[in-house]
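# Structural overview for review
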Amino acid sequence: MTIDQIKDFIKQSIEKNIKWKKISIVGGEPLIHENIFEIINLILDYKNHFSRKTKIYLVTNGILEEKLNKIPEDIIIINSNKKTRVSKFISFNIAPIDLKQYKNKDFRNACSILKYCGMGLNMYGYYPCAVAGGIDRVFKMNMARKEIPEKNDLMLNELNLFCRLCGHFKKHDNAISCEMSKTWEEAYKKFRQS
Ligand code: SF4
């Protein structure tokens, strides 16, 4: 994301009088962003001048220690401390719609990530969750909203489209291999070609 996009997020938040409960700076790995300190300062400024109770988190793998040590004290750091190349993960790339038992589910129900992590914002705009933004990047559905959705707007249409593709919708299974289902294989193939 660019600095201007972060400024626009803050401008919209203030104009709509939104005092966020929490703002999490996530990635990929946020510390590799060349303007990460500027981004942090803009969000801190929003907190200090408009929304004192907002908690700001930075979610990192902890590898860039030199940068990590310079993060201001007001930021809550969530460090996954990745030390090896082998980690447990979810079979994210197994789309529920490719599995018989999930075919007729109501995908608008989403998963608990929506409840605990909330809405996502990336370089394209606003999504019901951050993961949906990543899915859209590969599937190119162009579903990003340019404005922060209204409070009563549950983004059900978006959830219906993204959750059917997202491995998080399934029961967590702690996968140990990089399996992919048909829908994702085809999507990555098209993504690479484009
Ligand atoms: S897109 Fe995935 S992570 Fe986001 S709410 Fe749906 S199932 Fe959960």
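All of these numbers come straight from a predicted model, not from anything done at the bench. (Residues numbered from 1 in each chain as written. Predicted model: local features only at pLDDT ≥ 70, side-chain atom pairs only at ≥ 80, totals over all residues. Heavy atoms only, no water.)

### Remarks on the overall build of the protein
Selection rule: Secondary structure elements are defined from DSSP: runs of H or I of at least 4 residues count as helices, runs of E of at least 2 residues count as strands, and each element is numbered from the N terminus. Note on method: radius of gyration uses C-alpha positions; expected globular size equals 2.2 Å times residues raised to 0.38. When a residue's accessible area, from a 1.4 Å probe over protein chains only, is under 20% of the maximum for its type it is buried; when over 50% it is exposed; and in between it is partly exposed. Residues are treated as being in contact if the distance between any of their heavy atoms lies within 4.5 Å. All tallies of charge rest on Lys and Arg as positive and Asp and Glu as negative; His and the ends of each chain are not included. Where a charge lies is defined by one atom per residue type: Lys uses NZ, Arg uses CZ, Asp uses CG and Glu uses CD.
Along the protein, the regular secondary structure elements total 7 helices and 5 strands. Of the regular secondary structure in the protein, the N- to C-terminal order runs α-β-α-β-α-β-α-β-β-α-α-α. Taken over the C-alpha trace, the protein has a radius of gyration of 18 Å; the compact-globule value for 194 residues is 16 Å, and the two agree within 12%. Over its C-alpha atoms, taken along the principal directions, the protein stretches across nearly 50 × 40 × 30 Å. Here the protein holds 194 residues, and 38% of them are scored as buried. For the protein, contacts bridging at least 24 residues in sequence account for 64% of all contacts bridging at least 6. Each charge class in the protein can be summarised by its mean position, and for the 33 positive and 22 negative side chains these summaries are 6 Å apart.

### Examining the domain arrangement of the protein
Here is the rule: Annotation comment: domain bounds sourced from an automatic or database domain assignment. Buried area: the accessible surface (1.4 Å probe) lost by two parts on joining, summed over both.
Domain boundaries assigned for the protein yield domain 1 (1–83) and domain 2 (88–194). Taking only C-alpha atoms, the centre of domain 1 and the centre of domain 2 are 23 Å apart. If you look at the interface, domain 1 gives 9 residues, while domain 2 gives 10 residues. Where domain 1 abuts domain 2, roughly 810 Å² becomes buried across the two surfaces, and 57% of that area is made up of carbon and sulfur atoms. The largest contributions to the domain 1 side of the interface with domain 2 come from M1, Q12 and K16, which together make up 52% of the buried area.

### Considering helix α2 (residues 36–49)
Short version of the rule: For a helix, the expected span equals 1.5 Å multiplied by the residue count minus one. Starting at the helix axis, one direction is taken to each C-beta atom, and the arc is that of these directions.
End to end, α2 covers 20 Å across 14 residues, agreeing with the expected 20 Å (1.5 Å per residue, within 8%). Every buried residue of α2 is listed here: I36, I39, I40, I43, L44, Y46 and K47. Along α2, the residues classed as buried sweep out an arc of 155° about the axis, all on the same side. On the buried face of α2, the contacting elements are α1 (3–15), β1 (22–25), β2 (55–60) and α3 (65–68).

### Description of the pattern of salt bridges
Just so we agree on the cut-off: Here, a salt bridge means any Lys or Arg side-chain nitrogen found within 4 Å of an Asp or Glu carboxyl oxygen.
Applying the stated criterion across every chain yields a total of 5 salt bridges. The salt bridge partner of R145 is E158, with a shortest N-O separation of 2.7 Å. Of the two residues, R145 is situated in the loop between α5 (130–139) and α6 (156–162) and E158 in helix α6; the sequence distance between them amounts to 13 residues. Here E158 falls in the buried class, since its relative accessible area comes to 5%.

### A look at unusual backbone geometry
The step from G27 to G28 runs through a cis peptide bond, and the omega angle for that step is 10°. One non-glycine residue with positive phi stands out, namely A110, at about 60°. Mapped onto the fold, A110 is located in the loop between β3 (76–79) and α4 (112–117).

### Some points on the site of the ligand
For clarity, the threshold we go by: Proximity is defined per residue: if any heavy atom of the residue lies within 4 Å of a molecule or strand, that residue is considered near it. Lys, Arg, Asp and Glu make up the charged group, whereas Ala, Val, Leu, Ile, Met, Phe, Trp, Tyr, Cys and Pro make up the nonpolar group; the residues left over, Gly among them, are polar.
A110, C111, I113, C129, V131, C163, C166, H168 and F169 make up every residue found near the ligand. The residue makeup of the shell around the ligand, split by class, is 8 nonpolar, 1 polar and no charged.

### Re the environment of L42
Mapping L42 onto the fold places it in helix α2. Taking the C-alpha atoms as reference points, L42 and I14, separated by 28 residues in sequence, lie 13 Å from one another.

### Digging into the nonpolar core
The nonpolar side chains of a soluble globular protein tend to be buried, and buried together. The test is simple: Take the buried residues of types Ala, Val, Leu, Ile, Met, Phe, Trp, Tyr and Cys, join any two whose side-chain atoms come within 4.5 Å, and each joined set is a nonpolar core.
Counting residues in hydrophobic clusters, the biggest one holds 23 residues, and the most contacted among them are I40, I43 and L58. Put simply, the parts of the chain that give this core at least two residues each are α1, β1, α2 and β2. In terms of residue count, the dominant contributor to this core is α2 (6 residues). Counting residues in hydrophobic clusters, the runner-up holds 14 residues, among them A95, V138, W184 and A187.

### Details of the packing of aromatic side chains
In plain terms, the rule: Pairing of aromatic rings covers Phe, Tyr and Trp, the last counted by its six-membered ring, and requires centre-to-centre distances within 6.5 Å; plane angles under 30 degrees mean stacked, over 60 mean edge-to-face, and any other angle means tilted.
Using the criterion set out here, one finds 8 aromatic pairs in the structure. Taking the centre distance of 6.3 Å and the plane angle of 75° together, the rings of Y102 and F169 count as edge-to-face. Of this pair, Y102 sits in the loop between β3 and α4 while F169 sits in the loop between α6 and α7 (182–193); the two residues are 67 residues apart in sequence, bridging distant segments of the chain. The two residues Y102 and F169 agree in class, both being buried. Put simply, the rings of F92, F139, W184 and Y188 pair up and form one aromatic cluster.

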